[in-house]
Structures are given as structure tokens and as C-alpha cells.
Amino acid sequence: NAGVMQNPRHLVRRRGQEARLRCSPMKGHSHVYWYRQLPEEGLKFMVYLQKENIIDESGMPKERFSAEFPKEGPSILRIQQVVRGDSAAYFCASSPPSARLEEAFFGQGTRLTVV
Amino acid sequence: ELKVEQNPLFLSMQEGKNYTIYCNYSTTSDRLYWYRQDPGKSLESLFVLLSNGAVKQEGRLMASLDTKARLSTLHITAAVHDLSATYFCAVDEGAQKLVFGQGTRLTINP
């Protein structure tokens, strides 16, 4: 079991470009959560998805950010027209169909740097 | 809105000493998690505390939860260098959301 896989691990984008972050959940997990960690801060919830459904996106900025978890393939967090303030570590976690957070595991994160 | 506060935020201690990290939260919850994060790495789950009075221990770390006081503690006994990391508590807000504290950066000096 390879664990939660995120790629790329590091991503550099110029202001105005798009960033696509991928998260492959653990085998057998059907729930994905995205969190953002700004430098020197704790993680902040962004969005919770099940396959083909966004369950809760209350932590997502209203503009430029979107997330999906298609029937096949990884979950994608997409940031359009990136700005310097988007520089952060983005972590995803996955949990099994029981959706018990105590059974969730985090990936190693994607560190986005906007220059 | 649930707020989670940890203290101290920075802690430098000598090997062999004992210390406690505190995690206070603002609204009712009976599920609390402790994680460890090494620089540039992901979060490693340390403890899951699921009820008032829960106490869990693993090696030199012990965590407890007092839901009435809205307080959890992470106690480090006879610290060793390998425990140097950032420790986060996170409270289950419900609806599959965790609210994290700011983290405590622990440095253990030989």
C-alpha cells in the first residue's frame, strides 16, 4: 500500500500561471481532503470530496481555486492565475468509505512557490 | 467558529528533561488528534483521543484529553534529540473537518 501520493512534490509557477496539484488516495480510500499550510502556520481545511462529488468546499477561496475527484484518476486541486500569496504547502489526506478521520492519512504535500 | 491554540509555539529543551505542550480549543468537541511534522515532510499521526479523560502513551510521549476544560496536553518524558519536530494538535469540528493549532516547534539539544 503506497500511501497517499501527491505530485509534484515541489512546483514553481510565475504569477498569473496555473497550478495543478494531484493527489492519489490510498488504495480502498474514497474520501479526499485538501488542506493548505502557510509558512509557520497550521493546516487549514480547504475542501472535502468523494468520488465525483464535492461534499464541502467551505474553506476554498471563492475565486481561482477549484477541486475535483473524478471517477477515475487522482483528485486535482487547480489554482488559476496564481499570486504570491498562494505560495504554501498543500496537503491532501484520504480516508476509507467509513469516512472516519481517525483512519485518514496525509500525503507528503506539494510545496507551491509563486515567483 | 472553532479556534485551536497551542502553547508554547517554540520550545527549546535539553535532552533528558520533561515538558508539556498545551492545546486549548474554543467549542465543544470530544475528538482530538496529535500529529508530528518533520521539516519538509507530511504529518504523522501520533494520537487520536476520542473521549473525555482519554490518555494514550507511546514511548516518551503521552497525550490526554479533558473535554470539559477543552484542553489536551502532550507530555514529553526524558526528551531525546529524535523528538525534535513540530507538533500539531487538531480538533474535529464535525462534518469531516479538522481545525489545527499553530504548531509547537520543539528543539531538543544534546
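Just above, that's the structure.
Residues numbered from 1 in each chain as written. Chains lettered and ligands numbered in written order. Predicted model: local features only at pLDDT ≥ 70, side-chain atom pairs only at ≥ 80, totals over all residues. Heavy atoms only, no water.

Participant: Help me get a handle on the state of the cysteines, residues and values and all.
Facilitator: With the rule as written, the count across this model stands at 2 disulfides over all chains. With a sulfur-sulfur separation of 1.8 Å, Cys23(A) is cross-linked through a disulfide to Cys92(A). In this structure the cystine formed by Cys23(A) and Cys92(A) twists about its S-S bond by roughly 70°; its chirality is therefore right-handed. Here Cys23(A) is found in strand 3 (residues 19-24), whereas its partner Cys92(A) is found in strand 9 (residues 88-95), with 69 residues between them in sequence. Exposure remark for Cys23(A): the relative accessible area of 0% places this residue in the buried category. Among the residues examined, Cys92(A) registers a relative accessible area of 0% and is labelled buried. Across a sulfur-sulfur distance of 2.0 Å, Cys23(B) and Cys89(B) are joined as a disulfide pair. Between Cys23(B) and Cys89(B), the S-S torsion sits near 80°, and that sign places the bridge as right-handed. Of the two residues, Cys23(B) is situated in strand 3 (residues 19-25) and Cys89(B) in strand 9 (residues 85-94); the sequence distance between them amounts to 66 residues. (Disulfide = S-S within 2.5 Å. Helix = DSSP H or I, 4+ residues; strand = E, 2+ residues; numbered from the N terminus. Buried < 20%, exposed > 50% of the residue type's maximum accessible area, 1.4 Å probe, protein only.)

Participant: Just give me the short version of the side chain of His31(A), but keep the residues and values in it.
Facilitator: All names here are of chain A. Summarising the element assignment, His31 is placed in strand 4 (residues 31-37). According to the relative accessible area criterion, His31 is buried, its value standing at 5%. Among the polar contacts made by the side chain of His31, one reaches the side chain of Tyr48 at a distance of 2.7 Å. Residues in contact with His31, not counting those within four places in the same chain, are Tyr48, Leu49, Gln50, Ala93, Ser94, Ser95, Pro96, Pro97 and Ala99. (Polar contact = N/O pair within 3.5 Å; in protein donor to acceptor, adjacent residues only side chain to side chain. Contact = heavy atoms within 4.5 Å.)

Participant: I'd like a description of the pattern of salt bridges, backed by residues and values.
Facilitator: Taken as a whole and judged by the stated rule, the model has 12 salt bridges over all chains. For the salt bridge of Glu1(B) with Lys3(B), the shortest nitrogen-to-oxygen distance reads 3.8 Å. Bridged by salt links that share partners, the residues Arg100(A), Glu102(A), Glu103(A), Arg31(B) and Asp92(B) form one connected network. (Salt bridge = Lys/Arg side-chain N within 4 Å of Asp/Glu carboxyl O.)

Participant: Please give an account of the interface of chain B and chain A that cites residues and values.
Facilitator: Size of an interface: often given as the accessible area lost when the parts come together. Taken together, the 20 residues of chain B in the interface contact 20 residues of chain A. Interface area, chain B with chain A, both sides summed: about 1700 Å², of which 51% is carbon and sulfur. Between chain B and chain A we count 3 salt bridges in total. Here Arg31(B) ties to Glu102(A) by a salt bridge, and the two come within 2.8 Å at their closest N and O atoms. Our count for the contact surface shared by chain B and chain A stands at 11 residue pairs in polar contact (both at pLDDT 80 or more). Listed by contribution, the elements that provide at least two residues to the side of chain B that touches chain A are strand 4 (32-37), strand 5 (43-49), strand 9 and strand 10 (97-100) of chain B. For the side of chain B that touches chain A, the residue count by class is 9 nonpolar, 6 polar and 5 charged. (Buried area = accessible area lost by both parts, 1.4 Å probe. Nonpolar A, V, L, I, M, F, W, Y, C, P; charged D, E, K, R; others polar.)

Participant: How would you sum up the sheet that holds strand 6 (residues 55-58) of chain B? Please name residues and give values.
Facilitator: All names here are of chain B. Here we have 5 strands laid out as an open sheet, ordered 1-3-8-7-6, and antiparallel in their pairing. Where the open sheet ends on each side, the last strands, each with one partner, are strand 1 (4-7) and strand 6. Shown here is a sheet whose adjacent strand axes are inclined to one another by a mean of 15°, direction ignored. (Pairing = 2+ DSSP bridges. Axes fitted to C-alpha atoms, helices over the stretch in contact; angles between N-to-C directions.)

Participant: So what's going on with the sheet that holds strand 3 of chain A? Residues and values would help.
Facilitator: All names here are of chain A. Spatial strand order, 1-3-8-7: 4 strands in an open sheet with antiparallel pairing. Each edge of the open sheet carries a strand with a single partner, namely strand 1 (5-7) and strand 7 (65-68). Each adjacent strand pair in this sheet contributes to an overall mean axis angle of 15°, direction not counted. Strand direction decides the pairing type here: strand 3 and strand 8 (residues 75-79), joined by 5 bridges, are antiparallel. Its bridge partner lying in strand 8, Leu21 is registered against Leu77.

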